[in-house]
Every structure is written in structure tokens, then in C-alpha cells.
Amino acid sequence: MTRVRTFAVAVLLLSFATAAHASWYDDYDAGLAAARAGNWNVVVQKMTAAIKGNASENNKARTYGAIFINYHPYYYRGVAYLNLGKYEQAVSDFERATGPGPENLGSIETLMGRAKKSLEASNVPEPDPAPARPVETRPNVVTPPPVPVQTAPSIDPALRQRAQAAIASTKQKLTQAQQRRATASPQYTNAMSIFTEATTRSATARSNDDLNAIITMAENAGDLADLAAAPSVAATPNVPPPVTSAPVIPRSTAATDAVLDDYKRQLRRALESYFAGDFEDATRDFETLVRKLPDNAWIWAFLGASQYSQYAFEADESYRSAALRSFKKAKSLRSWKEGLPEKYFSRRIRRAFRDTAG
């Protein structure tokens, strides 16, 4: 009988422990839903509860069994604090955040810059008040009480202008992507989806929180539009005239093809991943190639472009640092008089390559 009671108590304690352990990711899911809706007070509440249960951010945080999630509660709580005007708390959370979660609301670097600028502006001391003037004695006049008037929520006109400017800028970037025939790329598809939602929200914005969310969405869509590239088109091979006998291939040419055959297959696979937008696979394959062909400037350039594209998606500074190192190596091996060619690299990547110290 004692063993049965002991087993029952153990099972009960285990169920309590499991429920307590599971609560942090339930709070995280609720916080994500609130972030999508722009309910920033709820985001702060839910992400704080999630952090109490699990304070470690991770791209693959284990919940239960074999279930993993992209877990970045400090990132979302920092965005919420930024939109609520609590800039000091926002800076503190962005310093702890290691990247965005499944909903990318902007890079940590950009959001941190906004929070610090707003914090500095809020700390500017107000001017001393003017000295009080003597109060004139006037006869008491009885005036009727004012009639209460219902007013709409206050919206900052400057913030509304910023939202409209962000939407206009993103629209221009989408047009440029269309002109370079990049509409079939996954980056363009995602950018258009986010842009459509931002413009829809702009028509019904009722608060400053709504406008801040619209600005963030429009800027994210603009970044994705910059990354959109046209798919590579294979050149039509020239069909040689029929010959009566097999052409004689010099032994040096045949030997070169044989020696480089393995590298050609690996390079083709890496380039196919890059142009398809699978930047993680492309990075891995180009890293393998630079170890085998360390003096090839083109491979270093494509490796840097893949790493920089990962940075644009995940806002992880380690990818940006790796990309700049690869660009620097490419410049040390080759003189790029015209810079990276437009047909292979997006405008944002070409600009990052140009600004990298050689």
C-alpha cells in the first residue's frame, strides 16, 4: 500500500513539474500573437513571463519531446518597450537579444539605434520657465462650464509622415525589383506580402503604436526587396556543325577538365543554392570550396554575398562580420574595377562590398 501511495505522489509531482516547465513557451506563443496584432502591453507581459520560465534565447529552444522553437523573448519585449516609449528598457533588452524570432520586426542594430536616439531626445532638459508676471486683479466673472467633447486618440503627425515615407520608399524598392525581373524570387514574394499588410494597416491606423508597427513592417519589406534578384538564365548553347570525326582535344585541356571536375560540381551546387535563396546551404558549400581553392576571388565574393544575405534575414551580427571578412579576402585576390557585377549580386550586397576596406 505504501509503494502505491509513493508512486501516485511521484506521478502527481511529475505532472506539476511538466505543467510548470511547459508554461514558458505557451507565454512565448501568446506574446508572438500579441506582437503580430501590435498589442505591446500584452507582449511585455507575456515575454516577461516566458523569460521567468526560460531566460536563455536560442534559435532551437527545446520545448518538449523533439519539438524546438525559435526563442527570442528579449527581442520582442525590446520592440514592445520601444513602441511604448520605454526606451531605457528597450535598450537593455536589445543588448540581451541574440536575434529576431519567427516574426522579424527589424534588425537589432536598427532597433537599438532608434531606442538610443529616442532615449537621448527624452533626456534633453527642458528650458527654464519664464519669470511669472504680476497677477492682475480682475472681477470674478461666472462662465458656464464647457460642454465635454469626445476626441479621437492623439496621433503624432510627424510619426504619420514617417509611416507614409517608409511605405513610399518600400514601394519604390519593389518597383526596382520588378524592373530587374526579380518577382519570382522568394525575397520579393515575402516583401510584397509584408508591404500589403503594412499598407492595409496604414489605412486604419488609430494610434502611435499602430504607426510604429507600420514603419517597422515597411522597412523590413524594403530590405527584402533590395535582396530580391532575378533568377539565373542558362545561356543557349551553340550547336557546332556536324563533323565526320571526333574533334581532337589537346591533352592539356582534357587534363584540366579532369582535375577540376569535382570542383565544378560543387561550385554549380553552391551557385544553384545561392540564386534560389537557400543562403545557408550556399554558405556551407562556398566555405568548403574556399578551403580547396583559397586563392579564387570569385568564390570568396559569393561566400560573402551568401553570409550577408543570412545577416539580412536573421539580423545576426556574426553573419555580417563573416561577410565583410570574405569581401576583404576577395578584394585582396582580385582588382574589382567595376565592383561586383549587377547580374549576380543585389544592390545592397554590392554596396556592402564597395564599402568594405580592401
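Above: the structure in question.
Residues numbered from 1 in each chain as written. Predicted model: local features only at pLDDT ≥ 70, side-chain atom pairs only at ≥ 80, totals over all residues. Heavy atoms only, no water.

Novice: Would you mind going over the layout of surface pockets in detail, with residue names and values included?
Specialist: Empty space within the largest pocket amounts to approximately 740 Å³. Contributing to the lining of the largest pocket are 37 residues, with Asn104, Leu105, Gly106, Thr216 and Asn220 lying nearest its centre. For the lining of the largest pocket, the secondary structure elements donating two or more residues are α1 (2-37), α3 (73-83), α5 (108-122), α7 (186-203), α8 (208-227) and α11 (297-314). Counting residues per element, the lining of the largest pocket draws most heavily on α8, which supplies eight residues. The residue inventory of the lining of the largest pocket, partitioned by class, reads 16 nonpolar, eleven polar and ten charged. (1 Å grid on protein atoms, 1.4 Å probe; cavity = no way out; pocket = protein on both sides within 12 Å on 5 of 7 lines; lining within 4 Å. Points joined across faces, edges and corners; volume = space filled by probe spheres on them. Helix = DSSP H or I, 4+ residues; strand = E, 2+ residues; numbered from the N terminus. Nonpolar A, V, L, I, M, F, W, Y, C, P; charged D, E, K, R; others polar.)

Novice: Talk me through the environment of Arg350; I want residue IDs and the actual numbers.
Specialist: Its location among the elements puts Arg350 in helix α13 (residues 347-355). With 45 residues separating them along the chain, Arg350 and Ala305 place their C-alpha atoms 8.7 Å apart. Non-local contacts of Arg350, meaning those with residues more than four positions away in its chain, are made with Leu340, Pro341, Glu342 and Phe345. (Contact = heavy atoms within 4.5 Å.)

Novice: Outline the pairing of strand β2 (residues 67-71), supporting the account with residue identities and numerical values.
Specialist: Inspection of the sheet shows strand β1 (residues 58-64) paired to β2 by four bridges, in the antiparallel sense. Along β2, the bridge assignment pairs Arg62 with Phe68. Remark: two residues form the turn of the hairpin made by β1 and β2, two consecutive strands paired antiparallel; Gly65 in that turn has positive phi of roughly 60°. (Pairing = 2+ DSSP bridges.)

Novice: Can you explain the pattern of salt bridges? Please cite residues and give values.
Specialist: Using the criterion set out here, one finds ten salt bridges in the structure. Note that Asp226 and Lys173 form a salt bridge whose closest N and O atoms lie 3.4 Å from each other. Taken together, the positions of Asp226 in helix α8 and Lys173 in helix α6 (residues 157-179) put the pair 53 residues apart, joining distant regions of the chain. (Salt bridge = Lys/Arg side-chain N within 4 Å of Asp/Glu carboxyl O.)

Novice: Talk me through the packing of aromatic side chains; I want residue IDs and the actual numbers.
Specialist: Counted according to the given criterion, the structure contains 20 aromatic pairs. The rings of Tyr274, Phe275, Phe279, Phe286, Trp298, Phe302, Phe327, Trp336, Tyr344, Phe345 and Phe353 are connected pair by pair, giving a single aromatic cluster. Taking the ring centre of Phe353 as reference, the NZ or CZ of Lys331 above it sits at 5.0 Å. Seen from the ring of Trp336, Arg334 lies directly overhead, with NZ or CZ sitting 4.4 Å from the centre. (Phe/Tyr/Trp six-rings, centres within 6.5 Å; stacked < 30°, edge-to-face > 60°. Lys NZ or Arg CZ within 6 Å of the ring centre and 35° of its normal.)

Novice: So what about the packing of α3 against helix α4 (residues 87-96)? Which residues, and what values?
Specialist: Orientation of α3 relative to α4, taken along the N-to-C sense of each, is 160°, at an axis distance of 8 Å. Classed by the angle they form, the pair α3 and α4 counts as roughly antiparallel. Both α3 and α4 take part in a crossing whose hand is left-handed. In this structure, α3 uses Tyr74, Tyr75, Arg77, Gly78, Val79, Tyr81 and Leu82 to contact α4, whose residues at the interface are Tyr87, Gln89, Ala90, Asp93, Phe94 and Arg96. Looking at the contact of α3 with α4, its residues break down into eight nonpolar, two polar and three charged. (Axes fitted to C-alpha atoms, helices over the stretch in contact; angles between N-to-C directions. Parallel < 35°, antiparallel > 145°, perpendicular 65-115°, else oblique. Left-handed = near helix turned anticlockwise from the far one by under 90°.)

Novice: Got a sec to walk through the packing of helix α12 (residues 317-333) against α13? Specific residues and values, please.
Specialist: Interaxial distance between α12 and α13 falls to 9 Å at its minimum, and their mutual angle equals 65°. One way to sum up the angle between α12 and α13 is to call them roughly perpendicular. Judged by the twist between their axes, the crossing of α12 over α13 is right-handed. Residues Leu324, Phe327, Ala330 and Lys331 of α12 form the contact with α13, whose own contacting residues are Ile349, Ala352, Phe353 and Arg354. Residues that form the contact of α12 with α13 fall into these classes: six nonpolar, no polar and two charged.

Novice: Can you break down α12 residue by residue, with the values?
Specialist: Over its 17 residues, α12 extends 25 Å from the first C-alpha to the last, a length consistent with the 24 Å expected when each residue adds 1.5 Å. Every buried residue of α12 is accounted for by Ala322, Ala323, Ser326, Phe327 and Ala330. Viewed along the axis of α12, the buried residues span an arc of 140°, placing them on a single side of the element. Relative to its buried face, α12 has exposed residues pointing more than 90 degrees away, namely Arg325 and Ser332. Where α12 is buried, its residues meet α11 and α13. (Expected span 1.5 Å × (residues − 1). Buried < 20%, exposed > 50% of the residue type's maximum accessible area, 1.4 Å probe, protein only. Arc of directions from axis to C-beta.)

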